[in-house]
Amino acid sequence: MRMLPPRRHARYGAIKKGDAMRRQLTAVVSFAFMATSSAVLAHHSFAMFDQENPIELDGVVHEFKFTSPHSFIILAVKQQDGSIQLWSLEGGAPSALVRDGWSSKTLKPGDELKLTIEPLRSGAPGGSWSVSKTKLKDGQPILVSQ
Amino acid sequence: MPVRSSIGAVVLATVIVTTIAAARAHDETKYPDWSGQWLRTGGIQWDPTKPIGRGQQAPLTPEYQAIFEASLADQALGGAGNDPRYACLPVGMPRLMSVIFPMEFIFTAKTTYILFENNMPRRIYTDGRSWPDHPEAAFAGYSIGKWVDADADGRYDMLEVETRHMKGPRTYEGSGLPLHKDNQTIVKERIYLDKTNSDILYDEITTIDHALTRPWTVTKKFRREHNPSWIENDCSEDNHHLAIGKEHYFLSTDGHLMPAKKGQAPPDLRYFNQSKK
């Protein structure tokens, strides 16, 4: 598991110990702000993804495409039979991600992730990903710079 | 020779005066400070005060309400509905002014330009011209603007714009909320800074369109970003959404077609040699 460098103003977790109420409030505010980030930041409708029935995916980053019009995480997901299936996950535009502190180097091949995605309605291995619902495999948030 | 010297002096003086006059034609002190990067303050829906889609309560004619409902139904199944933007078609006016990604204003004496991070720029002619007889249609249309000094303090504070001669298809937002296919849309705008906060900019946009039962006015609000970043944003770079015929498909990681809808048929291959192997 690779930990990213700490940043000055972490969006997740950099809350003074002992201030439980403020920690909870910050988490709630952050979640509320991030909850609709993928759909809000798209230049087109994301209705093609099943927002009513999200699914959990664990996998390894095969490629992180920091490209226009939308970023893509190509995720290698191990199937029950041991084979690997590559999922094509569409996310926010790079210009939106940089405002959340992301860069082309935030994810690298080999990073192990746990995501909640909105899958393609067809059932094909594709869907949408969002910053707020993407974590490292151990559940820790992805720290980014502000 | 005194006469030739006098003529030369007059010519030189004329050139100098003309140059100074040209420089004064664009007196920057007469224009408001709209410099820098502007970001939208709301979501991607057209009327920022209402939810996207049906929540917009758009004053559509029955015919175009039916078209809109069909678009929503198609998107609910995984299709793209009416929204042409998924295949990188320009959004055009008035949707450009949703400013999904940042914009910037450039003022010259005769034209105001609006640069968008992810769209072709708008060109608003402020030189007092009349409407051309037969201009080529464009998604952004043809815009004529007039600077107004509404508070009579000697400095312009509002830009009034009218846009005509658009082409389509165009929608107001990603839900596929449609404008009329006759492309006779007229868009009128009043753009101005907040009087108490110069980092807030408003655009009151009135759309007159045959898909509407009445003119539809919304007010967009933008904020000035003091720590801007400009990222190259070209829709065609790595778009995974494809329009083939009337169907929407999704590209897999290895560049093959995937269905976007459950049970979606593959595309029509009538032009391919489909002899059995």
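Residues numbered from 1 in each chain as written. Chains lettered and ligands numbered in written order. Predicted model: local features only at pLDDT ≥ 70, side-chain atom pairs only at ≥ 80, totals over all residues.

Asks: How would you sum up the overall build of chain A? Please name residues and give values.
Replies: Per the secondary structure count, chain A includes 3 helices and 6 strands. Counted from the first residue to the last, chain A has its helices and strands arranged as α-α-β-β-β-α-β-β-β. Of all 146 residues assigned to chain A, the portion counted as buried reaches 38%. Once local pairs closer than 6 in sequence are excluded, the contacts in chain A between residues at least 24 apart make up 63%. (Helix = DSSP H or I, 4+ residues; strand = E, 2+ residues; numbered from the N terminus. Buried ≥ 20, exposed ≤ 12 C-beta atoms within 10 Å, placed from the backbone. Contact = placed C-beta atoms within 7 Å.)

Asks: Give a detailed account of the overall build of chain B, specifying residues and quantitative values.
Replies: If you tally the helices and strands in chain B, you get 2 helices and 12 strands. If you list the helices and strands of chain B from N to C, you get α-β-α-β-β-β-β-β-β-β-β-β-β-β. Counting over 277 residues, chain B shows a buried share of 34%. The contacts of chain B with a sequence gap of at least 6 include a subset with a gap of at least 24, amounting to 53%.

Asks: I'd like to hear about the confidence of the model for chain A, residue by residue, with values.
Replies: With 68% of its residues at a pLDDT of 70 or more, chain A shows a mean pLDDT of 76. Contacts from residues 1–41 of chain A, a stretch scored under 50 in pLDDT, to residues over four places away or in other chains number 45 contacts. (pLDDT = per-residue confidence, 0-100.)

Asks: Tell me about the environment of B:Lys221, residues and numbers included.
Replies: Its place among the elements puts B:Lys221 in strand β9 (residues 216–225). It is 6.9 Å that separates the C-alpha atoms of B:Lys221 and B:Ile200, two residues lying 21 residues apart in sequence.

Asks: Quick rundown of unusual backbone geometry? Include the residues and the values.
Replies: All names here are of chain B. Geometrically, the link from Met93 to Pro94 is a cis peptide bond, its omega value of 5 degrees lying close to zero. In this fold, Pro94 is placed in the loop between α2 (62–76) and β2 (103–107). A cis geometry characterises the amide bond from Gly168 onward to Pro169, with omega recorded as 10 degrees. With respect to the secondary-structure elements, Pro169 resides in the loop between β6 (158–164) and β7 (186–193). In this model, Cys88 sits at a positive phi of 75 degrees, which is unusual for a non-glycine residue. Of note, Cys88 is situated in the loop between α2 and β2. The class for Cys88 is partly exposed, based on 19 C-beta atoms found within 10 Å.

Asks: If you had to explain the interface of chain A and chain B to someone new, which residues and values would you point to?
Replies: Taken residue by residue, the interface counts 25 residues in chain A and 37 residues in chain B. Contributing elements (two or more residues each) for the side of chain A that touches chain B: β3 (84–90) and α3 (94–97) of chain A. With 3 residues, β3(A) is the largest single contributor of residues to the side of chain A that touches chain B. Within the side of chain A that touches chain B, the residues separate by chemical class into 12 nonpolar, 10 polar and 3 charged. (Nonpolar A, V, L, I, M, F, W, Y, C, P; charged D, E, K, R; others polar.)

Asks: Which residues make up the environment of B:Leu159, and what values go with them?
Replies: Residues and elements named next belong to chain B. Tracing the backbone through its elements, the reader meets Leu159 in strand β6. Under the C-beta neighbour-count criterion, Leu159 is labelled buried, with 22 such atoms within 10 Å. Along the backbone, Leu159 and Thr126 are 33 residues apart, and their C-alpha atoms lie at a distance of 9.2 Å.

Asks: Can you lay out the environment of B:Glu173 for me, pointing to particular residues and giving the numbers?
Replies: Along the polypeptide, B:Glu173 turns up in the loop between β6 and β7. Each residue touching B:Glu173, except ones within four places of it in the same chain, is listed here: B:Ile44, B:Gln45, B:Trp46, B:Ile52, B:Arg95 and B:Ser98.

Asks: Pulling in residues and values, what's your account of the sheet that holds strand β10 (residues 241–244) of chain B?
Replies: Residues and elements named next belong to chain B. Reading across from one edge, β10-β11-β12 is the order of the 3 strands in this open sheet, with antiparallel pairing throughout. Looking at the sheet topology across the chains shown, the edges are occupied by β10 and β12 (257–259). Each strand of the sheet is rotated relative to its neighbour by a mean of 45 degrees, with strand direction disregarded. Two strands pair when backbone bridges link them, and β10 and strand β11 (residues 247–251) are joined in this way by 4 bridges, in the antiparallel orientation. Across the sheet, the residue bridging to Leu242 is Tyr249, located in β11. (Pairing = 2+ DSSP bridges. Axes fitted to C-alpha atoms, helices over the stretch in contact; angles between N-to-C directions.)

Asks: Go over the confidence of the model for chain B, please, and point to the residues and values.
Replies: Here chain B averages 91 in pLDDT, while 90% of its residues score no lower than 70. Reported confidence for the predicted complex is 0.77 by ipTM and 0.81 by pTM.

Asks: Give me the lowdown on the pairing of β2(B), citing residues and values where you can.
Replies: Residue and element names in this part refer to chain B. Burial along β2 is one-sided: the residues Met103, Phe105 and Phe107 are buried and none of Glu104 and Ile106 is. Pairing of β2 with strand β3 (residues 111–116), which is carried by 5 bridges, proceeds in the antiparallel orientation. Among the inter-strand pairings, Glu104 is bridged to a residue of β3, identified as Leu115. The turn joining β2 and β3, which pair antiparallel and follow one another in sequence, is formed by 3 residues.

Asks: Summarise α2(B); cite the residues concerned and give the values.
Replies: Side chains three or four residues apart in an α-helix point the same way, a direct result of the helix having 3.6 residues per turn. All names here are of chain B. When the terminal C-alpha atoms of α2 are compared, their 21 Å separation across 15 residues agrees well with the 21 Å that a helix rising 1.5 Å per residue should span. Taken as a whole, α2 has its buried residues at Tyr64, Phe68, Ser71, Asp74 and Gln75. Around the axis of α2, the buried residues are gathered within 120 degrees of arc, so they sit on the same side. Exposed residues on α2 whose side chains face more than 90 degrees from its buried face are Pro62, Glu63, Ala66 and Ala73. Positioned one or two residues after α2, Gly78 has a phi angle of 110 degrees, which is positive. (Expected span 1.5 Å × (residues − 1). Arc of directions from axis to C-beta.)

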